[in-house]
Structures are given as C-alpha cells and as structure tokens.
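# Understanding the architecture of this molecule
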Amino acid sequence: MPLVVPGINSSLTGDKKNDWLDKLMGKKLSDSTSDEVSFAKRDLPSSHRVIGPNDMSTTDHNPDRLNIHVDNEGTVRDVRYG
C-alpha cells in the first residue's frame, strides 16, 4: 500500500489543478457569466475560496478545496488545492 502524506498532491490533484489553472488564469471572477475575460463564480467547485494578496486564510489542509489566488485587481494569478 502506498504511503499517503497530507499536503503532497497526487497526480490526480495535479491534473485537476492544471485544469482549473487553464480555465481561470488571467480572468476575473464574475457574479453572472463566463467569457474570454471572466469566469462565473457559480461554475466553481462548491469547496473553494478566493484569496487576495493581503487576505488572511486558515492553514487547515482540505485536499478538495480549490484556493483561487487573485491580485489587487481581482485577476486570477494562481490556483492550488488544499
């Protein structure tokens, strides 16, 4: 049986991260629709949080939670699971 260590992404989680990174990178989150420059919040996974550059966040690890990192203008700069 393989050793499972919390905080280390499996290849499946890595694939999901890359999928979300491709969908969100450089876009702003929108309350309504998705298009070339925005992504509708309603289409995000139920377990997600948006983290700004100066936002505080908990350090609890939830491997199913998508963390969306945005800059001061609200543009997505990175996504991570945890």
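See above for the structure.
What you see is a predicted model; the values in this text were computed from it and never measured.

Here we come to the overall build of the protein. Across its full length, the protein holds one helix and five strands. The proportion of buried residues among the 82 residues of the protein is 32%. Long-range pairs, those at least 24 residues apart, make up 30% of the contacts in the protein between residues at least 6 apart in sequence. Put simply, the protein shows about 5,700 Å² of open surface, and 52% of that area lies on carbon and sulfur atoms.

A complete count under the given rule lists one aromatic pair for this structure. Between Trp-20 and Phe-39, the ring centres sit 5.9 Å apart and the planes meet at 80°, which makes this aromatic pair edge-to-face. Of this pair, Trp-20 sits in helix α1 (residues 11-24) while Phe-39 is found in strand β2 (residues 38-40), placing the two residues 19 residues apart along the sequence. A relative accessible area of 10% places Phe-39 in the buried class. The ring of Tyr-81 carries the charged tip of Lys-16 above its face, separated from the ring centre by 4.8 Å.

Rules behind the numbers
- Residues numbered from 1 in each chain as written.
- Predicted model: local features only at pLDDT ≥ 70, side-chain atom pairs only at ≥ 80, totals over all residues.
- Heavy atoms only, no water.
- Helix = DSSP H or I, 4+ residues; strand = E, 2+ residues; numbered from the N terminus.
- Buried < 20%, exposed > 50% of the residue type's maximum accessible area, 1.4 Å probe, protein only.
- Contact = heavy atoms within 4.5 Å.
- Areas by Shrake-Rupley, 256 points an atom, 1.4 Å probe, with all protein chains shown as cover.
- Phe/Tyr/Trp six-rings, centres within 6.5 Å; stacked < 30°, edge-to-face > 60°.
- Lys NZ or Arg CZ within 6 Å of the ring centre and 35° of its normal.

Purely geometric stuff here, so don't read any function into it on its own.
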